[in-house]
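As a plain string of letters, each chain reads:
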Amino acid sequence: MENKIIFDTIWVLITACLVFFMNLGFALVESGFTQSKNTVNILSKNFIVFAISSFAFWLIGWGLMFGDGNGFIGYKGLIGLSGADNSPATGDAYSGVYSAISWATVPLLAKFFFQLVFAGTAATIVSGAVAERIKYIDFIIFSFILVAIMYPITGHWIWGGGWLAQLGFWDFAGSTVVHSVGGWAALAGAIILGPRLNKYKDGKINPIPGHNMTSATIGVFVLWLGWFGFNPGSTMAADVNNISRIVVTTNSAAIAGLLSSTVVAWIVLGKPDLSMTINGCLAGLVAITAGCAFVSVESSLIIGAIAGVIVVFSVIFFDKIKVDDPVGAISVHLVNGVFGTLAVGLFAQDVFMPGTTGNGLFFGGGIKLFTNQLIGVITVGAFTFIISFVVWLILKKLLGIRVSMTEEIEGLDIGEHGMEAYPEFEKVAK
């Protein structure tokens, strides 16, 4: 037993560090997909958001998510890591799936750090969708509120033994808990902020290309690597068979999303657009996150392939309705977070998920499971979007959330930070 505790703890901490490393991936993808004049701003947001998230989650988020309370919220022992440890919906709820999982064997601080890096990921998602026009201070304040209050409340419903967990809603590693929550918050922010200057002009979409596809490509490889901590790490135990299978289902969905998005973009746009390929890979990863432990490798390929198709048309759709998302974060994390959550009901197999029926295709998890997944998607989405919308509106009223027109034209690097990412390059350009 002592050796098991050691190996499980090391596994949890190593995978948590991989998820932490995803912050670099987000920074590279988002800065690469945006204009050079906003590079410092994007990098700074992705840098500071983890610090803000760490403080917010330690101060109150953990208690709301995993503390004693009711089906809606944890409310006992809110400050710091005090109060009962109910993380997450815990051993008994997962024992039917993985007999090796035993949260009780992993120290509290290891569990806290693992959950913390997930919370930080949700906040980071927002950064890309509101890029190139939001005030730095508003992003910081919103990130604190998201991780301290909104994220842990819905997280409690699912991973803290709350009402959705009791209903029979399944989200193994966070397609809804992390990705959709970040996506809903991002959508609300993008709507209230409005599009960037000259993005939509004379009824037409005016593309604003990213300045560094090398950075974006390196970033997606970093994120891909990080997902091998995100998904198999959620076993919370060094169970060799289960973590090996989850690594493969995760990778299979990624490559399927990458390939299908490339083909669809080639057909629809006339060229194999690299930005679509990057987002297709990420879409596959997001979509498999909820069901990575519950589906076969064959099903993971189908899920990833569908996600890659969805993300291309989703990016086009949001552009058509003039919701400006510079990096495609809403299409990747929200839209495919929803799809991936529902895919659990479509592809789950009884061999991996006791209590389900069928062979893993066409409502393999059963109509009841699919219905539970749909209820979770709707309720988490409604709660997060409405609260996020209200918070953004309050910030807009109190502080103003958008930089001035002059600042947006000159770039947020100078206006918000007083420096440039590429000073020598900028001198030549001028």
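Let me sum up the structure you'll find in this document. (Residues numbered from 1 in each chain as written. Predicted model: local features only at pLDDT ≥ 70, side-chain atom pairs only at ≥ 80, totals over all residues. Heavy atoms only, no water.)

### Examining the overall build of the protein chain
Okay, step 1: Within the protein chain, the secondary structure is distributed over 16 helices and two strands.
Okay, step 2: Among the 430 residues that make up the protein chain, the fraction classed as buried is 59%.
Okay, step 3: A fraction of 78% describes how many contacts in the protein chain between residues 6 or more apart in sequence connect residues 24 or more apart.
Okay, step 4: A total accessible area of about 16200 Å² is found for the protein chain, and carbon and sulfur atoms account for 71% of it. (Helix = DSSP H or I, 4+ residues; strand = E, 2+ residues; numbered from the N terminus. Buried < 20%, exposed > 50% of the residue type's maximum accessible area, 1.4 Å probe, protein only. Contact = heavy atoms within 4.5 Å. Areas by Shrake-Rupley, 256 points an atom, 1.4 Å probe, with all protein chains shown as cover.)

### Concerning a nonpolar patch on the surface
Okay, step 1: Taken together, the side chains of Ile-137, Ile-386, Ile-387, Val-390, Ile-394, Leu-398 and Leu-399 present a nonpolar region at the surface, about 620 Å² in accessible area.
Okay, step 2: A total of five residues in the nonpolar patch trace back to one element, the largest contributor, which is helix α13 (residues 367–398).
Okay, step 3: Among the residues examined, Leu-399 registers a relative accessible area of 41% and is labelled partly exposed. (Patch = residues over 30% accessible without salt bridge, like charges linked within 9 Å, V, L, I, M, F, W, Y side chains within 5 Å. Salt bridge = Lys/Arg side-chain N within 4 Å of Asp/Glu carboxyl O.)

### Looking at helix α2 (residues 39–66)
Okay, step 1: Roughly 60 degrees is the biggest bend found in α2, and it falls at Phe-57.
Okay, step 2: Extensive coverage of α2 is indicated by the burial of 20 of its 28 residues. (Bend = angle between axes of the 7 residues up to and from the residue.)

### So, the environment of Glu-410
Okay, step 1: Checked against the element boundaries, Glu-410 lands in helix α14 (residues 405–410).
Okay, step 2: When its relative accessible area of 51% is taken as the criterion, Glu-410 is described as exposed.
Okay, step 3: Between the alpha carbons of Glu-410 and Asn-38 there is a distance of 9.1 Å; along the sequence they are 372 residues apart.

### Examining the environment of Phe-389
Okay, step 1: Within the fold, Phe-389 resides in helix α13.
Okay, step 2: Phe-389 gets classed as partly exposed once you look at its relative accessible area, which sits at 27%.
Okay, step 3: Taking C-alpha positions, Phe-389 is 9.3 Å from Trp-184, a pair spaced 205 residues apart along the chain.
Okay, step 4: Other than its neighbours up to four places away in sequence, Phe-389 contacts Ala-188, Ile-191 and Ile-192.

### Regarding the nonpolar core
One recurring pattern in soluble globular proteins is that nonpolar side chains are buried together.
Okay, step 1: With 110 residues, the main nonpolar core has Phe-57, Phe-118, Val-126, Phe-142, Tyr-151, Trp-159 and Ile-330 as its most contacted residues.
Okay, step 2: For this core, the leading source of residues is helix α4 (residues 108–129), giving 12 residues.
Okay, step 3: The contact partners of Phe-142, leaving out residues within four places of it in the chain, are Val-126, Met-150, Ala-185, Ser-388, Val-391, Trp-392 and Leu-395. (Core = buried A, V, L, I, M, F, W, Y, C linked by side-chain atoms within 4.5 Å.)

### Some details on the layout of surface pockets
Okay, step 1: In this model, the largest pocket occupies a volume close to 680 Å³.
Okay, step 2: If you trace the largest pocket, you find 26 residues lining it, with Lys-199, Asp-273, Ser-275, Val-315 and Asp-319 closest to the centre.
Okay, step 3: Broken down by secondary-structure element, the contributors of at least two residues to the lining of the largest pocket are α10 (274–289) and α11 (297–320).
Okay, step 4: When residues of the lining of the largest pocket are assigned to their parent elements, the largest contribution, five residues, is made by α11.
Okay, step 5: Among the residues making up the lining of the largest pocket, the classes are represented as 14 nonpolar, five polar and seven charged. (1 Å grid on protein atoms, 1.4 Å probe; cavity = no way out; pocket = protein on both sides within 12 Å on 5 of 7 lines; lining within 4 Å. Points joined across faces, edges and corners; volume = space filled by probe spheres on them. Nonpolar A, V, L, I, M, F, W, Y, C, P; charged D, E, K, R; others polar.)

### Some thoughts on the pattern of salt bridges
Pairs can form between side chains of opposite charge whenever their charged atoms are close.
Okay, step 1: Going through the model one piece at a time under the given rule, you end up with five salt bridges.
Okay, step 2: Arg-196 is paired through a salt bridge with Asp-324; the nearest N and O atoms lie 2.7 Å apart. Here Arg-196 is found in the loop between α7 (175–193) and β1 (200–201), whereas its partner Asp-324 is found in the loop between α11 and α12 (329–347), with 128 residues between them in sequence.
Okay, step 3: Judged by relative accessible area, which is 1%, Asp-324 ranks as buried.
Okay, step 4: Asp-319 serves as the salt-bridge partner of Lys-199, at 3.8 Å between the closest nitrogen and oxygen. Residue Lys-199 is found in the loop between α7 and β1, and its partner Asp-319 is found in helix α11; the two are separated by 120 residues along the sequence.
Okay, step 5: Linked by salt bridges that have partners in common, Glu-132, Arg-196 and Asp-324 make up one network.

### Concerning the packing of α7 against α12
Okay, step 1: Where α7 contacts α12, the two axes come as close as 8 Å, and the packing angle between them is 140 degrees. In terms of orientation, α7 lies oblique with respect to α12. For the crossing formed where α7 meets α12, the hand is left-handed. Residues Ser-175, Thr-176, His-179, Ser-180, Gly-183, Trp-184, Ala-186, Leu-187 and Ala-190 of α7 touch α12, and the partners they reach there are Ile-330, His-333, Leu-334, Gly-337, Val-338, Gly-340 and Thr-341.
Okay, step 2: Classifying every residue of the contact of α7 with α12 gives seven nonpolar, nine polar and no charged. (Axes fitted to C-alpha atoms, helices over the stretch in contact; angles between N-to-C directions. Parallel < 35°, antiparallel > 145°, perpendicular 65-115°, else oblique. Left-handed = near helix turned anticlockwise from the far one by under 90°.)

### Structural notes on the side chain of Glu-407
Okay, step 1: Inspection of the secondary structure puts Glu-407 in helix α14.
Okay, step 2: The side chain of Glu-407 sits in the buried core without any salt bridge; Lys-135 is the nearest counter-charge, 7.2 Å away.
Okay, step 3: A distance of 3.4 Å separates the side chain of Glu-407 from the backbone nitrogen of Glu-416, its partner in a polar contact.
Okay, step 4: Once residues within four sequence positions are removed from consideration, Glu-407 is found in contact with Leu-412, Gly-415 and Glu-416. (Lys, Arg positive; Asp, Glu negative; His and termini not counted. Polar contact = N/O pair within 3.5 Å; in protein donor to acceptor, adjacent residues only side chain to side chain.)

### Quick notes on α4
Helical geometry note: an α-helix holds 3.6 residues per turn, so side chains three or four residues apart project in the same direction.
Okay, step 1: In a regular helix each residue adds 1.5 Å, so 22 residues correspond to 32 Å; α4 covers 34 Å between its end C-alpha atoms and thus fits that length.
Okay, step 2: For α4, the buried fraction is high: 19 of the 22 residues fall into the buried class. (Expected span 1.5 Å × (residues − 1).)

### Structural notes on the packing of helix α1 (residues 2–33) against α2
Okay, step 1: Following both chains from N to C, one finds α1 and α2 inclined at 160 degrees, their axes separated by 9 Å at the closest point. Compared by their axis directions, α1 and α2 come out roughly antiparallel. The way α1 lies across α2 gives a crossing that is right-handed. Within the contact between the two elements, α1 uses Phe-20, Asn-23, Phe-26, Ala-27, Glu-30 and Ser-31 and α2 uses Thr-39, Ile-42, Leu-43, Asn-46 and Phe-50.
Okay, step 2: Residue composition of the contact of α1 with α2, grouped by class: six nonpolar, four polar and one charged.

Scope: geometric values only; no functional claims are made or implied.
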